[in-house]
Amino acid sequence: MSPSFNVVELATTYANKSAQDILKLAFAEFGDDLWISFSGAEDVVLVDMAWKLNKNVKVFSLDTGRLHPETYRFIEQVREHYKIDIEVVSPDYTKLEPFVKEKGLFSFYKDGHGECCGIRKIEPLRRKLSGVTAWATGQRRDQSPGTRSAVAVLEIDTAFSTPERTLYKFNPLAQMTSEEIWGYIRMLELPYNSLHERGFISIGCEPCTRPVLPNQHEREGRWWWEEATQKECGLHAGNIISKSKA
């Protein structure tokens with residue numbers, strides 16, 4: 001990383017630049033130390049853009065153990081399409097097994113998804129990012145107007161940085177709309193999760209995801225039994241909270 005790498009200044013400079021330009025900056029500064037987060041949904045656009053800039057791109061995906069069969073197949077499809085490794089990160093069984101033994105497999109319907117997501121998503125992600133300098137996500141502002149409307153194209157990841165190590169986070173797709181994402185997928189005939197053909201837009205774990213009706217926002221298909229402002233699993237919530245308090 002160059003001495004002139006100023007997150008605040010660069011976030012402003014690149015705020016209206018293309019996703020490809022933001023990824024070029026990320027690779028220029030961090031090279032092969034940059035990791036791409038792939039969730040098994042529209043993140044294939046991020047993977048495609050990154051792969052075209054760096055054939056050795058590093059990609060990881062969180063396997064919560066509760067994903068749809070179609071999502072697992074899609075991850076393999078992307079792996080084969082780009083001939084890349086996708087590092088699959090799983091929950092720590094020493095934390096997961098006691099949780100399931102005590103609360104069963106569907107406790108989130110009663111007491112919220114926070115604890116389950118903490119074990120199945122946050123802990124594995126924290127473990128993965130503990131050895132990472134920079135990562136890029138497929139977050140977009142239009143995914144959840146209530147919680148992601150202020151997503152920056154570049155930021156210090158306050159949720160997963162430590163006193164010893166600063167973690168840099170890129171969100172190259174931040175200003176792209178769902179329409180633009182799907183235009184890109186269709187134009188280039190990229191692989192996509194077959195669940196999208198059945199009305200699923202925002203895809204997470206099987207018990208916590210459902211199709212949406214016409215004119216419903218995509219986030220209404222996630223954690224539908226909870227209040228709208230709580231519809232984050234925690235992967236990005238730390239950054240969102242820090243912005244809201246700024």
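Cut-offs used in this document
Residue positions are counted from 1 within each chain, in the order its sequence is given. Residues qualify for local features only when their pLDDT is at least 70, as the model is predicted, and side-chain atom pairs are given and counted only at 80 or more; totals for whole chains, interfaces and linings, by contrast, use all residues. The side-chain figures draw on all heavy atoms in the structure; neither hydrogens nor water molecules are used. Only Phe, Tyr and Trp rings are paired, with Trp represented by its six-membered ring, and only when their centres lie within 6.5 Å; those with planes under 30 degrees apart are stacked, over 60 edge-to-face, the remainder tilted. By definition, any uninterrupted DSSP run of H or I lasting at least four residues is a helix, any uninterrupted run of E lasting at least two residues is a strand, and each is numbered from the N terminus. Counted as over-ring charges are cases with an Arg CZ or a Lys NZ within 6 Å of the ring centre that also lie within 35 degrees of the ring normal. UniProt positions are given in the numbering used here, feature names are shortened, and annotations may be inferred rather than shown by experiment. The contact criterion used throughout is that any non-hydrogen atoms of two residues lie within 4.5 Å. Exposure is judged per residue with a 1.4 Å probe applied to protein chains only, and the accessible area is read against the type maximum: over 50% gives exposed, under 20% gives buried, and values in between give partly exposed. For two strands to count as paired, DSSP must find a minimum of two bridges between them. Here, axes are lines fitted to C-alpha atoms. For helices the fit covers the stretch in contact, and angles between N-to-C directions go from 0 to 180 degrees.

Caption draft 1: The arrangement of the packing of aromatic side chains in detail. Under the counting rule described, the total for this entry stands at 12 aromatic pairs. When the ring of F30 is compared with that of F170, the centres are 5.9 Å apart and the planes differ by 75°; the resulting orientation is edge-to-face. Of the two residues, F30 is situated in helix 2 (residues 19-30) and F170 in strand 6 (residues 168-170); the sequence distance between them amounts to 140 residues. These aromatic residues form a ring-pair network of at least three members: F5, F30, Y168 and F170. Sitting above the plane of the Y14 ring, K17 keeps its charged end 5.6 Å from the centroid. A cation over a ring is seen here: K128 above W35, with NZ or CZ 3.2 Å from the ring centre.

Caption draft 2: Fine view of the UniProt feature "binding site: [4Fe-4S] cluster" (unreviewed entry) in the chain. Mapped onto this numbering, the UniProt entry annotates "binding site: [4Fe-4S] cluster" (unreviewed entry) at C116, C117, C205 and C208. The largest pairwise C-alpha distance within this set of annotated residues, which runs over 93 residues, is 11.0 Å, so the set is compact in three dimensions. With respect to the helices and strands, C117 occurs in helix 7 (residues 114-129). For C205, the position within the fold is in the loop between helix 8 (178-188) and helix 9 (237-245). When sequence neighbours within four positions are dropped, the list of residues in contact with C205 reads T64, R66, L67, H68 and K121.

Caption draft 3: Layout of unusual backbone geometry. Phi at K83 is positive, roughly 55°, even though this residue is not glycine. Phi at W223 takes a positive value of approximately 45°, unusual for a residue other than glycine. Here W223 shows up in the loop between helix 8 and helix 9. Residue classification places W223 among the buried positions, given a relative accessible area of 1%.

Caption draft 4: Main features of the sheet that holds strand 5 (residues 154-156). Taken together, the 6 strands give an open sheet; going across it, the order is 3-2-1-4-6-5, and neighbouring strands pair in mixed fashion. If you trace the sheet from one side to the other, it starts and ends with strand 3 (86-89) and strand 5, each paired once. Mean inter-strand twist for the sheet, computed between neighbouring axes without regard to direction, equals 30°. Judged from the 3 bridges that link them, strand 1 (residues 34-37) and strand 4 (residues 134-136) form a sheet pairing that is parallel. Across the sheet, residue W35 finds its bridge partner in strand 4, namely W135. Most of the contacts of helix 3 (residues 44-53) go to strand 1, to which it runs at about 150°, and overall it touches strand 1, strand 2 (58-62) and strand 4.

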